[in-house]
Structures are given as C-alpha cells and as structure tokens.
Amino acid sequence: MENIVILGSTGSVGKQTMEVLRKKPGYFKVLGLAGKDEIRILSSQIKEFKPKMISVADKETARKLSRLFPRLKIYLGEEGLVHLSTDPEAHSIVFAASGFVSFRALIEAIKNRKRVLVANKEILIVAGEIINKYLDRYKAEFLPLDSEHSAIFQCLRGENKKEVKNLILTCSGGPLRNYSSEELKKVSVKEVLSHPTWKMGPKITVDSATLMNKGFEVLEAHYIFRVPIEKIKVVIHPESIIHSMVEFQDGTIKAHLSVPDMRLPIQYAIFHPKRLSSFIKPLNLIKIKSLSFQKPDIKRFPCLQLAYFAVKVGGTMPAVLTFADEVLVGKFLAGEIKFLDIPRILKKTLKSHRPTFNPKIDDLLEVQKWVVKKIDKMI
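My aim in this report is to walk through the structure given alongside it, one point at a time. Quick caveat: nothing in here was measured; it's all calculated off a predicted structure.

### As for the overall build of the chain
Argument step 1. In terms of helices and strands, the chain carries 17 helices and eleven strands.
Argument step 2. Radius of gyration (C-alpha) of the chain: 20 Å, near the 21 Å computed for a compact globule of 379 residues.
Argument step 3. Overall, the C-alpha framework of the chain stretches about 55 × 50 × 40 Å when taken along its three principal axes.
Argument step 4. Split into buried and exposed, the 379 residues of the chain put 54% on the buried side.
Argument step 5. Sequence separation of 24 or more characterises 68% of the internal contacts of the chain that already satisfy a separation of 6 or more.
Argument step 6. Accessible surface, the chain as shown: approximately 17,700 Å² in total, 52% of it carbon and sulfur.
Argument step 7. In the chain, 62 side chains carry a positive charge and 40 a negative one; their mean positions are 1 Å apart.

### Concerning the sheet that holds strand β1 (residues 2–7)
Argument step 1. A sheet is described by the order of its strands in space; here seven strands give the open sequence β4-β3-β2-β1-β5-β6-β7, paired in parallel fashion. For this open sheet the edge positions go to β4 (73–76) and β7 (142–144), each flanked by a neighbour on one side alone. Across the sheet, the axes of successive neighbouring strands diverge by a mean angle of 20°, strand direction being ignored.
Argument step 2. Pairing of strand β3 (residues 53–56) with β4, which is carried by four bridges, proceeds in the parallel orientation. In the sheet register, V56 faces β4, and the bridge partner there is L76.
Argument step 3. In the packing of helix α1 (residues 12–23) onto the sheet, contacts are made with β1, β2 (28–34) and β5 (92–95), and the angle to β1 comes to roughly 160°.

### Section: the pattern of salt bridges
Argument step 1. Summed over all chains, the structure comprises 25 salt bridges.
Argument step 2. Between R263 and E19 there is a salt bridge, and its shortest N-O distance comes to 2.6 Å. Taken together, the residues R263 in helix α12 (residues 263–271) and E19 in helix α1 connect sequence positions 244 residues apart.
Argument step 3. Salt-bridge contacts for D136 lead to R226; the nearest nitrogen and oxygen are separated by 2.9 Å. Here D136, found in helix α6 (residues 121–138), pairs with R226, found in the loop between α11 (212–224) and β9 (232–236); they are 90 residues apart in sequence, far enough to count as distant.
Argument step 4. Using a relative accessible area of 40% as the deciding quantity, one classes D136 as partly exposed.
Argument step 5. Each of K121, D146, E148, K214, E217 and E220 takes part in one network of salt bridges that share partners.

### Digging into empty space enclosed by the protein
Unfilled space is identified by rolling a water-sized probe across the atoms.
Argument step 1. Applying the stated rule across the entire model yields two cavities of 30 Å³ or more.
Argument step 2. Size it by volume and the largest cavity reaches roughly 40 Å³.
Argument step 3. What lines the largest cavity is a set of ten residues, among which S147, H243, H256, S258 and P265 lie closest to the centre.
Argument step 4. Per element, the largest residue contribution to the lining of the largest cavity is three residues, and it comes from helix α7 (residues 147–156).
Argument step 5. The residue inventory of the lining of the largest cavity, partitioned by class, reads three nonpolar, six polar and one charged.

### Re the nonpolar core
Argument step 1. Core analysis: the biggest nonpolar cluster contains 87 residues, and L7, F95, I131, L167, L321 and L346 have the highest contact counts within it.
Argument step 2. Apart from residues no more than four positions distant in its own chain, F95 is found in contact with L7, S85, S102, A105, L106, A109, V116, L117, V118, A119 and N120.
Argument step 3. Formed by 29 residues, the second largest nonpolar core is a distinct cluster that contains V56, A62, M262 and I266.

### Section: the environment of T252
Argument step 1. Looking at the element boundaries, T252 is found in the loop between β10 (242–248) and β11 (253–257).
Argument step 2. With relative accessibility at 40%, the residue T252 sits in the partly exposed group.
Argument step 3. Residues contacting T252, with those up to four places away along its chain left out, are V246 and E247.

### Quick notes on the sheet that holds strand β8 (residues 164–171)
Pairing between sheet strands relies on hydrogen bonds along the backbone, with the strands arranged either parallel or antiparallel.
Argument step 1. Pairing in this open sheet of four strands is mixed, and the strands run β9-β8-β10-β11 from one edge to the other. The sheet is open, and its two edges are formed by β9 and β11, each paired on a single side. Across the sheet, the mean angle from the axis of one strand to that of its neighbour is 20°, orientation sign disregarded.
Argument step 2. With five bridges connecting them, β8 and β10 associate as antiparallel partners. Bridge pairing in β10 links L167 to V246.
Argument step 3. Of the strands in this sheet, β8, β10 and β11 are in contact with α7, which crosses β10 at around 40°.

### Comments concerning the packing of aromatic side chains
Argument step 1. Under the criterion given, the structure shown has seven aromatic pairs.
Argument step 2. Ring centres 6.2 Å apart and planes at 10° place the aromatic pair Y134 and Y138 in the stacked group. Taken together, the residues span about one helical turn, with Y134 and Y138 both in helix α6 at a distance of four residues.
Argument step 3. The exposure class assigned to Y138 is buried, which follows from its relative accessible area of 14%.

### Brief notes about the packing of helix α16 (residues 341–351) against helix α17 (residues 361–378)
Argument step 1. The N-to-C vectors of α16 and α17 enclose an angle of 125°; their axes lie 11 Å apart at closest approach. Put simply, α16 runs oblique to α17. Relative to α17, α16 is oriented so that their crossing is right-handed. Contact residues: α16 offers I345, K348 and T349, while α17 offers W370, K374, I375 and M378.
Argument step 2. Residue composition of the contact of α16 with α17, grouped by class: four nonpolar, one polar and two charged.

Calculation criteria
Residues numbered from 1 in each chain as written. Predicted model: local features only at pLDDT ≥ 70, side-chain atom pairs only at ≥ 80, totals over all residues. Heavy atoms only, no water. Helix = DSSP H or I, 4+ residues; strand = E, 2+ residues; numbered from the N terminus. Rg over C-alpha atoms; globule rule 2.2 N^0.38 Å. Buried < 20%, exposed > 50% of the residue type's maximum accessible area, 1.4 Å probe, protein only. Contact = heavy atoms within 4.5 Å. Areas by Shrake-Rupley, 256 points an atom, 1.4 Å probe, with all protein chains shown as cover. Lys, Arg positive; Asp, Glu negative; His and termini not counted. Charge placed at Lys NZ, Arg CZ, Asp CG, Glu CD. Pairing = 2+ DSSP bridges. Axes fitted to C-alpha atoms, helices over the stretch in contact; angles between N-to-C directions. Salt bridge = Lys/Arg side-chain N within 4 Å of Asp/Glu carboxyl O. 1 Å grid on protein atoms, 1.4 Å probe; cavity = no way out; pocket = protein on both sides within 12 Å on 5 of 7 lines; lining within 4 Å. Points joined across faces, edges and corners; volume = space filled by probe spheres on them. Nonpolar A, V, L, I, M, F, W, Y, C, P; charged D, E, K, R; others polar. Core = buried A, V, L, I, M, F, W, Y, C linked by side-chain atoms within 4.5 Å. Phe/Tyr/Trp six-rings, centres within 6.5 Å; stacked < 30°, edge-to-face > 60°. Parallel < 35°, antiparallel > 145°, perpendicular 65-115°, else oblique. Left-handed = near helix turned anticlockwise from the far one by under 90°.

If you want it as structure tokens, here you go:
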C-alpha cells in the first residue's frame, strides 16, 4: 500500500477523493488530512481512515481535535500543510484545498519529488511559471484532477505534442446560460448556486455561472500543457458529456466522453497509469441521443475574455485575476455586491494594475494585499 495525503479533505473535491479511496480499499493508506475548521467532517474522516497526522487552520480547532484524538499529530496553518506534503512516508499528495495557502506545500512537495495531484486552480494560475520551473528541475510527477484537464491529459497520451493544433475545453455554460442581460442584473445567489450538471462548492459554482471558472481552466491548460494561449479554445457544451478535446494538425479531433462525475478524473489520477473498474454508472450514449455545442457569449459573460487578457499580459496579471475574483465572489455570496458587479469590478481592477514580470513569491503575496485594498476602495 502507498501512502497518500489529502490537503482540503473537507471540501467538495477532497470529500470525493475520500469516497474514491473508500470504494477502492487496499491500494492506499491515508497518511495525512488537512481541513479548515470543519470539526465534524474531519472527526468522521479521522475515525474512518485513521491518519497519522492532520493539519488545521486555527488553534481552537486543533485543541478540540486534540481532546478527541489525543494520539494524533496535529499541525497548524501553512506550516502544517508543508509538514504533511513533505513527510518522508508520503508518496502521493492531493491538492484539493482552494486558495493560495497551499502554494508553499506544493513547491516543497515537488522539491521532495512527491507525486502531486492538483485540483487547486488558484495556485496554478497565480504561479504556473514558477511551478513549471520546479517541476522541470526536480522531475516530480504532476497529474491534473480537474475533469477538463484530465480529459486533455488522456487525449494526449501516446501523441506527439508538436502535432497538436488546438486544445478545446468544453463548458456547460453554467446555471445562467439562457438568462438575458436584463435577467442577469437581478439574479439571486440561490439561482447562481443551482448548477444544472455538476455538484460543486459555492465558490466554483459562482465561477461557473460567470464563466470565470472556464477562464481559469484556459490559464491552467496553458501552464499544465505548455501550449500557447492562442491554441486553447472554449465551446459551450450543455450536456457536459465531452469533457475536453484535442485537435491535431491533420484535422483529427480526439474527444474524452464520460458521465459528468468528478470521481472519475479523481480515480484516474490516483491510480494512474492503471485504469481500475469504476463504481460509477457508465455512460449510455443511446439515452443521450445527441450532443450540442455553442459559441460562448462574451458580451453577457465577459469574465472568460478577461482571463485571456490576463494571461496575454502575463507577469502578475493572472494573480490579480485570481485574487480579485476570490474577493468578489466572497462579497457576492455575502450579499454585498450584485452578480454583474463581479465582471465589472474585476475588469477595473485588472486595468488599474501595473504588472511585475518574472515575479517572485513575495511579489505575488504583495499583489494579493494590493487587490484586497483596491477592491475595498472601489466598493
């Protein structure tokens, strides 16, 4: 059995990762778990999987869990994530936590030549160039967990990357795909969180509604597969059956099809290069009958275009995009701003930023502080 660590075990991707491990016993031992302050969920996971160590965000959560599990090693905050991701006994590290807090843990895991399985969008977008430099230097194995990037990864297996013409990311269009511009002005948080296809956390569901999530995935694909941004396309595919495609220079298009269930790409990454039997109901093409495609409407959903703008400028601009979106989505969920304020304020923030090129880690942290102050001032 190999040892696995899951950072973000209490979130949507983390819980689905735990479910995959539960359904496929005997392959991995859960060595470590990291969550925020979800004591009930963490306690349940600790009882079931019996990790050697955990990491939590604050001291109060650590104290409560210490009383419940006196023999458990408990670490705190960013340093705790680094402890878990570099433990000598750990083989695979799942990066399922959102935000930038696990960035150092990812870099240290790569330096220790761990097998890293990454679902964290923010890290890849903010510091994709830095991460690639470390991957090249230390030759660590990197596997994407997102369904779209897993699909591209699988379509590229056995192919010559020099023969790739375009990467094509599919997009459900989100819960507001058919809303008019007038309807978007009055949309509620509840409506935004009602995704028609995927079961996800609130942040990523809002990003799906604005198409920002697809913009993030364009940037991720740019860094993961090292393909020029001009060769990465997006199409709306409401059925969410084709998860991504690769177009080759001879006119062939390779597509990855499956039921829309995150547990499939998670299972693929965890057990790669093996393909184990699935516990998920298989795709039935006869029942689906047809698949449809549309061009994204960037007038109603401008966030997708802002993502292309950010990566074309480069430097710290993708970091501004990521940090600003995180702040604005939080304010929308809290009822402090309206839905269309997200792209409006995001665009203003990007336009007012003077990017730093070839940024260091400290530069990125300064950008994060600047974004928070800038948005608070604008609002």
